[in-house]
Amino acid sequence: MDLASHILTGVLQKRGLRGHAESALVTHRAKEWIKKHAPTVASSIHVRTFRDGELFLECTHAIALQECAGFMRDLQHYIQSQCSFVKILHIKILRA
């Protein structure tokens, strides 16, 4: 009997949506982690997208930017452990 995860992965691949689904999961996990580990600035940090191994965060002010710089490594390790199907090469922080 096939596992649901294997069937879903196959269907997404066949329809050309696997990359989009993986990107959505990575951004969702990043948002969750930021809300849990940086609650005071979480509303000022927006996870924009994940593509080609790069996760893009956007900060609305300098304090949030500084906080992001401090936890980038931890966030990268967390996402890599939760989403082992992707390789996170960089986390880029942009100032809005």
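Use the structure listed above.
Residues numbered from 1 in each chain as written. Predicted model: local features only at pLDDT ≥ 70, side-chain atom pairs only at ≥ 80, totals over all residues. Heavy atoms only, no water.

## Observations regarding helix H2 (residues 18-37)
- The terminal C-alpha atoms of H2 lie 29 Å apart, and with 20 residues this matches the ideal 28 Å at 1.5 Å per residue to within 8%.
- Glu22, Ser23, Val26, Thr27, Ala30, Trp33 and Ile34 are the residues of H2 that are buried. Along the axis of H2, the buried positions cluster into a sector of 130°, meaning they face one direction only. Turned more than 90 degrees off the buried face of H2, the exposed positions are His20, Lys35 and Lys36.
- Residues of H2 that are buried sit in contact with strand E1 (45-51), strand E2 (54-59) and helix H3 (62-82). (Helix = DSSP H or I, 4+ residues; strand = E, 2+ residues; numbered from the N terminus. Expected span 1.5 Å × (residues − 1). Buried < 20%, exposed > 50% of the residue type's maximum accessible area, 1.4 Å probe, protein only. Arc of directions from axis to C-beta. Contact = heavy atoms within 4.5 Å.)

## With respect to the pattern of salt bridges
- Tallied over the entire structure, the rule returns four salt bridges.
- Its salt-bridge partner being Glu32, residue Arg29 comes within 3.6 Å of it at the nearest N-O pair. Taken as a pair, Arg29 and Glu32 lie in helix H2 at a separation of three residues, close to a single helical turn.
- The exposure class of Glu32 is partly exposed, given its relative accessible area of 34%.
- Taking the shortest distance from any N to any O, the salt bridge between Glu58 and Arg48 comes out at 3.0 Å. Here the residue Glu58 occupies a position in strand E2, and Arg48 occupies one in strand E1, the gap between them amounting to ten residues. (Salt bridge = Lys/Arg side-chain N within 4 Å of Asp/Glu carboxyl O.)

## Side note on the pairing of E2
- For E2, a buried count of six out of six residues is recorded, marking the element as mostly surrounded by other parts of the structure.
- Bridge analysis of E1 against E2 gives six bridges, and the strand direction is antiparallel. Note on E2: the bridge partner recorded for Phe50 is Leu55.
- Between E1 and E2, which pair antiparallel in sequence order, lie two residues; one of them, Asp52, sits at a positive phi of approximately 50°.
- Relative to strand E3 (residues 90-95), E2 runs parallel, the two sharing six bridges. Counterpart to Cys59 in the pairing with E3 is Arg95. (Pairing = 2+ DSSP bridges.)

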